[in-house]
Amino acid sequence: RSRLVARYLALARGFGDQFTGDDQLDRLRELRREHASIRAALKCTLEEDECDPVADGVELATALFAYWRARGLTRQGSYWLGKAIERSPATSAARARALLRHGYLAALQGNGDLAEADAADSLRIGAELGNDPIIAHGYLLRNLALSVSGRLEEAAEAGAEAGRLLALLDAPPRLIDLEIQLAYLALLGGDVEGAIEHVQRGLNLLGQGRERWLHSQLSLLAALALFMGGRETESAWGALRSL
């Protein structure tokens with residue numbers, strides 16, 4: 001059982017750490033093929049008390065975030081991250097990281113209130129631990145949560161703070177996520193040109209390569225912005241690129 005958990009923890013870490021790499025699709029397909037075994041590892045560590053330590057299960061659930069996000073498995077991911085939160089020490093970096101991922105998936109399901117609560121809890125833990133990455137990611141989540149809830153001015157404030165902190169940390173992947181969220185926020189506020197600018201900044205951060213998921217998100221947001229701006233032919237090309 002320990003070898004089972006160790007194997008899928010290594011795969012999940014690799015996918016998350018190299019998410020923007022050229023082999024993104026190959027890594028995703030490998031995890032998808034192993035889905036049943038991944039679930040067995042999660043059950044063993046987070047439900048059945050048959051694997052030790054539980055901390056590996058908490059880390060596995062957290063490390064699988066990129067996999068659940070890319071495959072659209074938001075409910076499944078939320079379930080296991082909820083288990084991870086329950087079984088993490090109250091004031092620990094592991095709990096904060098699980099809260100951040102859980103909140104993101106909640107926002108994707110339209111539950112802004114839950115996402116905001118997770119952001120608040122992670123920010124509190126980050127402040128208590130003096131953990132700057134957790135604090136930065138907490139503001140990143142707060143931006144998305146408030147956007148989903150329609151509180152656009154507060155979302156913009158959270159996004160600005162997230163951008164400031166992430167720039168200090170030199171965290172390009174999270175800055176790309178922020179540009180995606182800011183493009184979404186701009187669209188909610190009817191700022192078509194602002195959305196296109198955020199998309200372009202996100203693409204510049206990504207650079208050239210075979211990464212697919214983030215490129216697709218940015219292309220979709222560009223298509224929506226172009227459609228709102230009456231540029232329907234360009235919008236269609238953006239939508240096709242996203243597909």
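Refer to the structure presented above.
I will try to describe carefully the structure that is included in this document. The model shown is predicted, which means the values in this text are computed figures rather than measured ones.

### Digging into the nonpolar core
And step 1. Counting 60 residues, the largest nonpolar core has Phe 15, Leu 42, Leu 60, Ala 61, Leu 64, Tyr 67 and Trp 68 as the members making the most contacts within it.
And step 2. Per element, the largest residue contribution to this core is 8 residues, and it comes from helix H7 (residues 93-108).
And step 3. Core analysis: the second largest hydrophobic core is formed by 15 residues, Leu 123, Leu 165, Ala 171 and Leu 185 among them.

### Thoughts on the packing of aromatic side chains
Two aromatic rings are characterised by how far apart their centres lie and by the angle between their planes.
And step 1. Scanning the model with the defined rule gives 4 aromatic pairs in all.
And step 2. Seen in terms of ring centroids, Tyr 79 and Trp 80 are 4.9 Å apart; in terms of plane orientation they differ by 80 degrees. Their pairing is edge-to-face.
And step 3. Put simply, the rings of Phe 15, Phe 19 and Trp 213 pair up and form one aromatic cluster.

### Brief notes about the side chain of Thr 62
And step 1. Within the fold, Thr 62 resides in helix H4 (residues 54-63).
And step 2. Relative accessible area serves as the criterion here: at 11%, Thr 62 is assigned to the buried category.
And step 3. Beyond its immediate chain neighbours, meaning those up to four positions away, Thr 62 contacts Leu 81, Arg 97, Ala 98 and Arg 101.

### Quick look at a nonpolar patch on the surface
And step 1. Together, Trp 237, Leu 240 and Leu 243 make up an exposed nonpolar region whose accessible area comes to about 460 Å².
And step 2. On the basis of relative accessibility, which here comes to 87%, the residue Leu 243 falls in the exposed class.

### Digging into a positive patch on the surface
And step 1. On the surface, a cluster of positive charge is contributed by Arg 29, Arg 32, Arg 33 and Arg 71.
And step 2. Among the elements that line the positive patch, the one with the most residues is helix H2 (residues 24-33), at 3 residues.
And step 3. Inspection of the secondary structure puts Arg 32 in helix H2.
And step 4. Note on Arg 32: relative accessible area 43%, which makes it partly exposed.

### Notes on the pattern of salt bridges
And step 1. Across all of its chains, the model carries 13 salt bridges by this definition.
And step 2. Taking the shortest distance from any N to any O, the salt bridge between Lys 43 and Glu 47 comes out at 3.1 Å.
And step 3. The salt bridge partner of Arg 151 is Glu 154, with a shortest N-O separation of 2.9 Å.
And step 4. The class of Arg 151 is partly exposed, set by a relative accessible area of 32%.
And step 5. Overall, Glu 154 belongs to the partly exposed group, its relative accessible area being 36%.

### Looking at unusual backbone geometry
And step 1. Despite not being glycine, Asp 170 shows a phi value in the positive range, around 55 degrees.
And step 2. With respect to the secondary-structure elements, Asp 170 resides in the loop between helix H10 (152-169) and helix H11 (172-188).
And step 3. Owing to a relative accessible area of 59%, Asp 170 belongs among the exposed residues under this scheme.

Reading guide: rules and limits
- Residues numbered from 1 in each chain as written.
- Predicted model: local features only at pLDDT ≥ 70, side-chain atom pairs only at ≥ 80, totals over all residues.
- Heavy atoms only, no water.
- Core = buried A, V, L, I, M, F, W, Y, C linked by side-chain atoms within 4.5 Å.
- Buried < 20%, exposed > 50% of the residue type's maximum accessible area, 1.4 Å probe, protein only.
- Helix = DSSP H or I, 4+ residues; strand = E, 2+ residues; numbered from the N terminus.
- Phe/Tyr/Trp six-rings, centres within 6.5 Å; stacked < 30°, edge-to-face > 60°.
- Contact = heavy atoms within 4.5 Å.
- Patch = residues over 30% accessible without salt bridge, like charges linked within 9 Å, V, L, I, M, F, W, Y side chains within 5 Å.
- Areas by Shrake-Rupley, 256 points an atom, 1.4 Å probe, with all protein chains shown as cover.
- Salt bridge = Lys/Arg side-chain N within 4 Å of Asp/Glu carboxyl O.
- Lys, Arg positive; Asp, Glu negative; His and termini not counted.
- Charge placed at Lys NZ, Arg CZ, Asp CG, Glu CD.

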